[in-house]
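What the coordinates show
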Amino acid sequence: MDGFHVDIDVVMSLAKNSYSAAEQYAQITTKITRTDAATPHLADKFGAATGADSDVVAMLDEFYEYLRTTTARYQLVGEQLEASARDYVQTDTEQQDVYNRYQNDFDAYDIGEADLGIDPGREAGDTDRPDGATDAQPDGFGTDENPAENIEAGDGYLSGLDPEEGN
Amino acid sequence: MPDYGYTYEIDSALEHFELTLRERWYQVVKESVFNQVDIPAPLSGLPGSLPEYRTAEMFAHINYGQVVGGCAYVNWIDAGAQGSPGSISCEGKIRESYHYDLETIEYQGVETEVPEYTRCVLGDLLGAVEQWCWNDRKLISDALPPFATHNLTALEDARNALVSMAGDFGATPDAGGAGADDALVTGLTLTNTVDLLFVDRDRDKDWMAEWTGAAADRAANGIFASTKPTLFNHAIIANGLGTLINERATIIHTYQQNSLSLVRSATAALDQTTTTTSDHTNEWKAVQGLGMALSIVPVTAPYGAVISLVGWLGEQFLKETRSVSFSFTPHEVARNLHDAVVEMDGALTGSEAAYTQDVLEFRTALNAVSSTFLELYDISENR
């Protein structure tokens, strides 16, 4: 083994599924608008929202933002994988056909082109969380062990299917 | 848009209560004059000055006046008390001039002379009854939790949308909740899609044999490791928020129904014609929080989207039943009702506190979840 192995079929199917996840997330997220009409009725006996009612509404808004960010990140993962694969097959011409087959599918079915209702580049940043929300990340996802810390090329988390080898 | 259906229903119930209360009071006041005894104090209290009815003349008018046609008010009451006593007038006749045997009557052990006519005060008393029945209704109405502007349909739509989202995110209901719900059925394949992407950090995925190296490891351990925990948390958050909306709706609905049922039962108790009171009880429900009984909160490292689904206006919130027994006399029934309403409003305060506690627990749990498991691993910082 020369340290890494890239099967473009795998990379492109991951891209395709990431796009699919983004599209499905966008579709599900629209359902939360059906909660808007409930807001004035989340209220006590006098029709006034209590602190708890207001926090439920705040959490609905927050949830909406998490879903938009998730949608955006799936979309960006798809875009980054697709771009990396495109770069990769410039040098590994044997897999050019595999890449082209996926590209034809993507073009034919508008994969990666769905209207997500958001600008993924704008929504991909962290959602603002309320005071008291944790900053900690799970084991292995924290800044210290951030796998992306090692990346040297700064143009994308997944760009370069193996940066050790450069591209 | 508010739903005015409830406001209409409770107003109608109170109206019926007031009318029935008044009919019973007319009888009580009539009997009090007949028997020359105290009128019991209504819920809202007796007026400061009632016309004096404990007189030989009123006694004679009510008890002996039948021979000359009787008291117009008594006749009106006995005929069913239709309309208002204000439309009736009574000439206060006691006897004809030739009824020499009624020139004196025995009143409270004393032979007392009475005239042919007296000023009949029963009309004034009945007018006072109308007033205090209205005051009683007002006292009860003011003690009821109004819940006048709430639209349960809007809350149900919101809850169903969230349950449907939980279904889309792959939620499966646990055995303790309401079980299967059509709202959970999804037409999407998002869980399958995410399964194709997700890499458990402890186990390699098939695709990792075909794409290896530093970039593949980074993808596997970063973004793709965060996909399934994020998905499951979305299922749990959607269901949790739906459950909290359901809890608020249950509070609204239950205390509306409690109010209607208490007023209607009190009215039924007033309608009774015997003193058998055993079957004139009413049960009402106190809404309780879920507390720790149901886990609705997201967890920091979920590996399953098992949710506790609570049915719409579900029984899980309604574990406590309280009851009230209604007495026979109208002043007691009104007081029973008022006491029950005050107690119910106290229970509502407890339900609000339980709801607040459930919201707080959910908020605390949500805040404890790392952003990586709420919106995926942050790839944007690395651009």
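Coordinates for the structure precede this section.
The structure reproduced in this document is the subject of the present report. Given the structure is predicted, the values throughout are model-derived calculations rather than measurements.

1. Regarding a negative patch on the surface
- On the surface, E23(A), E79(A), D107(A), D110(A) and E113(A) cluster together into a patch of negative charge.
- With respect to the helices and strands, E113(A) occurs in the loop between α3 (96-108) and α4 (120-123).

2. Here's the deal with the state of the cysteines
Residue and element names in this part refer to chain B.
- According to the stated counting rule, one finds 0 disulfides over all chains in the structure shown.
- Not engaged in a disulfide, the cysteine C90 finds its nearest cysteine sulfur in C120; these two sulfurs lie 3.9 Å apart.
- Accessibility expressed as a relative area gives 18% for C90, which makes it buried.
- Left unpaired, C120 is separated from the closest cysteine sulfur, that of C71, by 3.9 Å.
- Classification of C120 as buried rests on a relative accessible area of 9%.

3. Concerning the interface of chain A and chain B
- Each side of the interface is counted separately: chain A has 81 residues, and chain B has 82 residues.
- Counting the surface lost from both chain A and chain B, the interface buries some 6,800 Å², and carbon and sulfur atoms represent 63% of this.
- Our count for the contact surface shared by chain A and chain B stands at 6 salt bridges.
- A salt bridge links D378(B) to R73(A); the nearest nitrogen and oxygen atoms lie 3.0 Å apart.
- Of all the secondary structure elements, the ones that give two or more residues to the side of chain A that touches chain B are β1 (5-6), α1 (8-29) and α2 (51-91) of chain A.
- Ranked by residues supplied to the side of chain A that touches chain B, first place goes to α2(A) with 20 residues.
- Taken together, the residues that form the side of chain A that touches chain B break down as 40 nonpolar, 25 polar and 16 charged.
- Note: β1(A) against strand β4 (residues 211-212) of chain B, 2 bridges, orientation antiparallel. Residue pairing across strands places V6(A) opposite W211(B), the latter belonging to β4(B).

4. Quick word on the packing of helix α5 (residues 152-168) of chain B against helix α9 (residues 227-271) of chain B
Residue and element names in this part refer to chain B.
- Interaxial distance between α5 and α9 falls to 8 Å at its minimum, and their mutual angle equals 160 degrees. Between α5 and α9, the crossing angle belongs to the class labelled roughly antiparallel. Both α5 and α9 take part in a crossing whose hand is left-handed. Contact residues: α5 offers L152, L155, A158, R159, L162, M165 and A166, while α9 offers A235, A238, N239, L241, G242, I245, N246, A249, I252, H253 and Q256.
- The residue makeup of the contact of α5 with α9, split by class, is 12 nonpolar, 5 polar and 1 charged.

5. Remarks on the pairing of strand β1 (residues 104-107) of chain B
Residues and elements named next belong to chain B.
- The side-chain alternation of β1 yields one buried face, formed by I105 and Y107, and one unburied face, formed by T104 and E106.
- Both β1 and strand β2 (residues 110-113) contribute to a ladder of 4 bridges, which runs antiparallel. The partner of Y107 across the bridge, within β2, is V110.
- The turn linking β1 back onto β2 is made up of 2 residues, and Q108 within it adopts a positive phi angle of 50 degrees.

6. Observations concerning the nonpolar core
- By size, the foremost hydrophobic cluster in this structure holds 156 residues, and its most contacted members are F63(A), F17(B), L122(B), F169(B), W211(B) and F224(B).
- The biggest single contributor to this core is α9(B), with 19 residues.
- Looking at which domains feed residues into this core, each of domain 1 (11-143) and domain 2 (152-273 + 296-373) of chain B supplies at least three.
- When neighbours within four sequence positions are excluded, W211(B) is seen to be in contact with H5(A), V6(A), D7(A), V10(A), V11(A), L14(A), L81(A), L161(A), A216(B) and A219(B).

7. Considerations on the environment of Y26(B)
Residue and element names in this part refer to chain B.
- Tracing the backbone shows Y26 in helix α1 (residues 5-35).
- Assessed through its relative accessible area of 2%, Y26 is described here as buried.
- Considered as a pair, Y26 and H99 are 73 residues apart in the sequence and their alpha carbons are 30 Å apart.
- Apart from the residues within four sequence positions on either side, Y26 is in contact with W76, I77, A81, P85, L126, V129 and E130.

8. Examining unusual backbone geometry
- Unusually for a residue other than glycine, D110(A) sits at a positive phi of about 55 degrees.
- Relative to the assigned elements, D110(A) resides in the loop between α3 and α4.
- On the basis of relative accessible area, D110(A) is assigned to the partly exposed category, the value being 48%.
- Even without being a glycine, L376(B) presents a positive backbone phi close to 75 degrees.
- Residue position: L376(B) is located in the segment after α11 (372-375).

Criteria and thresholds
- The residue count restarts for each chain, going from 1 along the sequence in the order it is written.
- All chains are assigned letters beginning at A, and all ligands numbers beginning at 1, according to the order in which they are written.
- Totals for whole chains, interfaces and linings use all residues, but because this is a predicted model, local features are given only for residues with pLDDT of at least 70 and pairs of side-chain atoms are given and counted only at 80 or more.
- Values reported for side chains reflect all heavy atoms of the structure, with hydrogen atoms and water molecules removed beforehand.
- For patch detection, residues must exceed 30% relative accessible area and be free of salt bridges, and they are connected within 9 Å for like charges or within 5 Å for nonpolar side chains (Val, Leu, Ile, Met, Phe, Trp, Tyr).
- Every accessible area reported is derived by Shrake-Rupley at a probe size of 1.4 Å, with residue values counting cover from the shown protein chains alone.
- A pair is scored as a salt bridge if a Lys or Arg side-chain nitrogen falls within 4 Å of a carboxyl oxygen belonging to Asp or Glu.
- Note that His is not counted, nor are the chain ends; the positive residues are Lys and Arg, and the negative ones are Asp and Glu.
- Each charge is placed at NZ for Lys, CZ for Arg, CG for Asp and CD for Glu.
- Numbered from the N terminus, helices here are DSSP runs of H or I no shorter than four residues, and strands are runs of E no shorter than two.
- We call a pair of cysteine sulfur atoms a disulfide whenever their separation is within 2.5 Å.
- Exposed residues in this analysis have more than 50% of their type's maximum accessible area, buried residues have under 20%, and partly exposed residues fall in between, with area computed by a 1.4 Å probe over protein chains only.
- The contact criterion used is simple: two residues touch if any of their non-hydrogen atoms lie within 4.5 Å.
- By buried area we mean the combined loss of accessible area, with a 1.4 Å probe, across both parts when two parts are placed together.
- Residue polarity follows a fixed list, in which Ala, Val, Leu, Ile, Met, Phe, Trp, Tyr, Cys and Pro are nonpolar, Asp, Glu, Lys and Arg are charged, and the others, Gly among them, are polar.
- DSSP bridges decide pairing: two strands pair if at least two such bridges lie between them.
- Lines fitted to C-alpha atoms define the axes here, with helix axes fitted over just the stretch in contact, and angles between the N-to-C directions of these axes take values from 0 to 180 degrees.
- Just so you know how the angles are binned, under 35 degrees is roughly parallel, over 145 roughly antiparallel, 65 to 115 roughly perpendicular, and the rest oblique.
- Handedness of a crossing is defined here by the sense of rotation of the near helix relative to the far one, left-handed for an anticlockwise turn of less than a right angle and right-handed for a clockwise turn.
- Put simply, buried Ala, Val, Leu, Ile, Met, Phe, Trp, Tyr and Cys residues joined by side-chain atoms within 4.5 Å make one nonpolar core.
- Boundaries between domains were set according to an automatic or database domain assignment.

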